[in-house]
Amino acid sequence: MSQVIHRRSIDFLLHEVLGYGDLAGTPRFSAFDRAAVTEILDTAQAIAENEFLPLAAEMDAQEPRFIEGRAHAHPGAKRALDACAQAGLFAAGFDPDLGGLGMPVTVTTLINGTLAAANIALANYQFLTVANANMLAAFGTDEQKALFLPPMLEGRWFGTMCLSEPQAGSSLSDIRTRAEPVEGRLHRITGSKMWISGGEHELAENIIHMVLAKRPDGPPGVKGISLFIVPKYRVGQDGTPGARNNIALAGLNHKMGQRGTTNCLLNFGEDGDCLGYLVGEPHQGLAYMFHMMNEARIIVGANSTMTGMAGYLYSLDYARTRQQGRRPQNKDATSPQVPIIQHADVRRMLLAQKAAVEGALALTCYCTLLVDRMAATPDAAERGDMHLLLELLTPMAKSWPSEHCLEANKHAIQILGGYGYTRDYPVERHYRDNRLNAIHEGAYGIHGLDLLGRKVRQQDGRALDLLVLEIGRTLDAAETQGGFGTEVADLHAALTAMGRATRAALAAPDLDRGLANATAYLDACGHTVIAWLWLRQAVTASRALAAGLGRGEAAFYSGKIAACRYFFRYELPRALHQFALVERLDDTCLSITPAEFLGN
């Protein structure tokens, strides 16, 4: 059994539940039918298992080093990333006219997730480069794209995102990095950026930083932010890297997880001119960055899902083979011990992992298919509705997996017991690596404010109406299929509670109080959506079982139904409680004063 990925579950979702075949039937993606996707994922899995996974423990133990102003990563990292480049994985999702392969986002996200499941610290370099290049492809000039994109898509140059600053954190309106116009799009950049993953290393010929900064003519706050291409080495007209661009590594951050990724404090223009190129229009930098971040948020959710899957697969294999204890009714100490999977509480923890990981996988695949369907459809109205639905689901797709697949990693440690807490086994590393995903691309609370403060209010709540309509189709199918009466009733109850909570929060005269439980709202909405997707999987599995199957396949499908029932009975009730907090505008967290935490 692979320690990286369970391909049968991915095939089930894409080809039996979510209708990937409809996408492959469109002119845009006709080259990527089921056979092609299988071959592509085979390649990604081989690289993940043969190149990424063997380095994971070493890169975790041997963090990047700061030597004479440079960051030195694990020497094996370059070989593994070169394998990605040679397989075309950097260029996979880009249009052919840019030198890419034109793959659907659904496929490229699964590629990235497969690499992340094996070694997320290493996969970050590829992920960040692709995200950087996507933004450049969307907003750069033709000259900028011709100069910077080819070496990035070839995997020779890497990319970063430089948003946060030491004093500002997530409050981007308070950034201080400055951009002084020199000539045309050329600017002189000065300032410091913190938490820059991949900000300095020797793994690539050049590093292209996307930097948020303020020009002197910009208005205060986020409306004055512009976006700049700032290379580590200045680039000649012929694309050749030249002299260093006065970007100084001030220090490396040493994190709890994802330790193999360099994470940097960078100073721009400290010892001479640091030159950058304006991307797009002045003062539109935040809008451009959010174009990238919305895509990146789904990928962070997918990577969190796959890191949870890696822990689940390892702990499942361990539980099947580890002999310990006996059944409660067996008091004979001389009788053989049983595999720990025979114990009910171990099965509970395995079911919790399965429900979280495979539910989150359904959510991220559903979202990426929306992205692909938008790209493939000529119908503007249909495209607009899909965009609204995606906007609503993106905060959940990022946040729910990063919270609950982390919990799955916790269960994996618990199943291994004391062994799970040691570095002799990978599950503790998976937990530490996954913990960062709740912070990446906006912390949990920020996405709660985004969902309740913005997304459900757009176009008089049309996005939520579209979601309820989608869920309604599954409820109808479940009623037709039969055998899911309890689940149908429970999901109806959750939708009713969601509607009441939403209306109460939006009608609150005090905005602070209306948003006081935004995080609870986000989590409850996520639970409701995951319940819907589990019911959709269960209905599909029930149809397959009714058709008659062999023993192994029957167990696969009945396992989907079991996980659905687990989620509805053990997890979905939490959403009703959280929606109730939102509906009554509970102010417990809002009203406590700073002094009351410990007194004066």
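Heads up: the structure comes first, above all this text.
Note that the structure is a prediction, hence the values are computed from the model and not measured.

On a plain count of helices and strands, the protein comes out with 17 helices and twelve strands. Here the protein has a C-alpha radius of gyration of 25 Å; the compact-globule value for 600 residues is 25 Å, and the two agree. When each of the 600 residues of the protein is scored for burial, the buried share is 56%. Partitioning the intrachain contacts of the protein with sequence separation of at least 6 by distance along the chain shows that 75% fall at a separation of at least 24.

As a further point, take the packing of helix α1 (residues 7–17) against helix α16 (residues 551–583). Where α1 contacts α16, the two axes come as close as 12 Å, and the packing angle between them is 70°. The pairing of α1 with α16 is recorded here as roughly perpendicular in orientation. Between α1 and α16, the contacting residues are R8, S9, F12 and E16 on the first element and E553, F556, Y557 and K560 on the second. A per-class count over the contact of α1 with α16 returns three nonpolar, one polar and four charged.

Before going further, it helps to spend a moment on the nonpolar core. Among the nonpolar cores identified, the biggest contains 141 residues, and F52 and Y521 are the most heavily contacted of them. Broken down by element, the residue count for this core peaks at 18 residues, all from helix α8 (residues 344–376). Y521 has contacts with L451, L452, V456, L464, M498, T502, F579 and V582, leaving out every residue within four places of it along the chain. By size, the runner-up hydrophobic cluster in this structure holds 35 residues, among which are A137, L153, L163 and I229.

The description of two aromatic rings rests on the distance between their centres and on the angle between their planes. By the definition in use, this model includes 15 aromatic pairs. Among the aromatic side chains, those forming a connected cluster through ring pairs are Y314, Y318, Y419 and Y425. Its end group placed over the ring of F556, R8 keeps NZ or CZ at 4.3 Å from the ring centre.

Another point: the pattern of salt bridges. Side chains that differ in sign of charge can pair as their charged atoms come close. Applying the stated criterion to the full structure yields 31 salt bridges. When the shortest N-O distance is used, the salt bridge between D217 and R215 registers 2.8 Å. Here E470 ties to R473 by a salt bridge, and the two come within 2.3 Å at their closest N and O atoms. Taken as a pair, E470 and R473 lie in helix α12 (residues 462–481) at a separation of three residues, close to a single helical turn. By relative accessible area, E470 is classed as partly exposed at 21%. R473 sits in the partly exposed class, given a relative accessible area of 48%.

Bringing α16 into the picture now. The terminal C-alpha atoms of α16, which comprises 33 residues, lie 47 Å apart, in line with the 48 Å expected from a rise of 1.5 Å per residue. E571 marks the point of greatest bend in α16, at about 40°, and the proline P573 comes within the next four residues. Backbone geometry just after α16 places L585 at a positive phi near 55°.

Running from N to C, α8 and helix α9 (residues 380–416) cross one another at 155°; their axes reach a closest spacing of 8 Å. Classified by the angle between their axes, α8 and α9 sit roughly antiparallel to one another. The way α8 lies across α9 gives a crossing that is left-handed.

Here the focus is a nonpolar patch on the surface. Among the surface-exposed residues, I592, F597 and L598 lie close enough to one another that they form a single nonpolar patch of about 380 Å² accessible area. Looking at where I592 falls in the secondary structure, it is placed in the segment after α17 (588–591).

Let us now look at the pairing of strand β9 (residues 241–244). Note that strand β8 (residues 233–235) and β9 share two bridges and pair antiparallel. Of the residues in β9, the one forming a bridge with V235 is P241. Counted along the chain from β8 to the antiparallel partner β9, the turn is five residues long, and its residue G239 has a positive phi close to 85°.

The topology assignment puts G257 in the loop between β10 (247–252) and β11 (263–268). Sequence separation between G257 and D60 is 197 residues; the distance between their C-alpha atoms is 7.7 Å. With residues up to four places along the chain from it excluded, the contact list for G257 reads R432 and D433.

Bringing the side chain of Q537 into the picture now. Looking at the secondary structure, you find Q537 in helix α15 (residues 518–546). Residues in contact with Q537, not counting those within four places in the same chain, are F12, L13, V17, E358, G359, A362 and K560.

With that settled, the discussion passes to unusual backbone geometry. The backbone of Q258 shows a phi angle near 50°, a positive value even though the residue is not glycine. Turning to its location among the elements, Q258 is positioned in the loop between β10 and β11. For Q258, a relative accessible area of 0% gives the class buried.

What counts as what
- Residues numbered from 1 in each chain as written.
- Predicted model: local features only at pLDDT ≥ 70, side-chain atom pairs only at ≥ 80, totals over all residues.
- Heavy atoms only, no water.
- Helix = DSSP H or I, 4+ residues; strand = E, 2+ residues; numbered from the N terminus.
- Rg over C-alpha atoms; globule rule 2.2 N^0.38 Å.
- Buried < 20%, exposed > 50% of the residue type's maximum accessible area, 1.4 Å probe, protein only.
- Contact = heavy atoms within 4.5 Å.
- Axes fitted to C-alpha atoms, helices over the stretch in contact; angles between N-to-C directions.
- Parallel < 35°, antiparallel > 145°, perpendicular 65-115°, else oblique.
- Nonpolar A, V, L, I, M, F, W, Y, C, P; charged D, E, K, R; others polar.
- Core = buried A, V, L, I, M, F, W, Y, C linked by side-chain atoms within 4.5 Å.
- Phe/Tyr/Trp six-rings, centres within 6.5 Å; stacked < 30°, edge-to-face > 60°.
- Lys NZ or Arg CZ within 6 Å of the ring centre and 35° of its normal.
- Salt bridge = Lys/Arg side-chain N within 4 Å of Asp/Glu carboxyl O.
- Expected span 1.5 Å × (residues − 1).
- Bend = angle between axes of the 7 residues up to and from the residue.
- Left-handed = near helix turned anticlockwise from the far one by under 90°.
- Patch = residues over 30% accessible without salt bridge, like charges linked within 9 Å, V, L, I, M, F, W, Y side chains within 5 Å.
- Areas by Shrake-Rupley, 256 points an atom, 1.4 Å probe, with all protein chains shown as cover.
- Pairing = 2+ DSSP bridges.

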